[in-house]
Amino acid sequence: RGAERLAYPCVVASGDKAVTLHYMHNNKQLVPGELLLMDAGCSKHGYASDITRTWPLSGTYSQAQAALYAAVLDVNKKCINAVAHGETLTSLHHLSVRLTYEHLRDLNIL
């Protein structure tokens, strides 16, 4: 069954490169303690998939990384729950921004 092709060039990045939108060089040396981000997708019959995942290079999240991961997961789950209740795309966007802001504020990142 499989895919016909990549949907877009894969992004594989760690450290400060992981926050660079569409980082394409994929040549930064991996450093223990950093997170590895992978953004990949495939295409079949005109449908393009997209998946993004982040892993700790050391095998376990630091306390700060785990707190941020939990925050992102919470926003994700609450937005998915809102979709199930028929929210509009605009209201989902506003919900995601508000929840993200609240988490970043609570984590003293903002």
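In short, a report on the structure. What you see is a predicted model; the values in this text were computed from it and never measured. (Residues numbered from 1 in each chain as written. Predicted model: local features only at pLDDT ≥ 70, side-chain atom pairs only at ≥ 80, totals over all residues. Heavy atoms only, no water.)

Turning our attention to the overall build of the protein chain. Helices and strands together make up the secondary structure of the protein chain, namely two helices and six strands. Dimensions along the principal axes, computed over C-alpha positions, put the protein chain at roughly 40 × 35 × 20 Å. Each of the 110 residues in the protein chain was classed as buried or not, and the buried ones make up 18%. Long-range pairs, those at least 24 residues apart, make up 42% of the contacts in the protein chain between residues at least 6 apart in sequence. As displayed, the protein chain has an accessible area near 8,200 Å², and 60% of this comes from carbon and sulfur atoms. Side-chain charges in the protein chain split into 10 positive and 9 negative, and the spacing between the mean points of these groups amounts to 5 Å. (Helix = DSSP H or I, 4+ residues; strand = E, 2+ residues; numbered from the N terminus. Buried < 20%, exposed > 50% of the residue type's maximum accessible area, 1.4 Å probe, protein only. Contact = heavy atoms within 4.5 Å. Areas by Shrake-Rupley, 256 points an atom, 1.4 Å probe, with all protein chains shown as cover. Lys, Arg positive; Asp, Glu negative; His and termini not counted. Charge placed at Lys NZ, Arg CZ, Asp CG, Glu CD.)

A contiguous nonpolar surface patch, about 560 Å² in accessible area, is contributed by Leu68, Val72, Tyr101, Leu107, Ile109 and Leu110. With respect to the helices, strands and loops of the structure, Val72 is situated in helix H1 (residues 63-84). (Patch = residues over 30% accessible without salt bridge, like charges linked within 9 Å, V, L, I, M, F, W, Y side chains within 5 Å. Salt bridge = Lys/Arg side-chain N within 4 Å of Asp/Glu carboxyl O.)

With that settled, the discussion passes to the sheet that holds strand S4 (residues 42-44). Taken together, three strands build an open sheet; the order of strands is S1-S4-S5 and the sheet is antiparallel. The open sheet has two edge strands, strand S1 (5-6) and strand S5 (47-48), and neither has a second partner. (Pairing = 2+ DSSP bridges.)

Keep in mind these values describe shape, not function.
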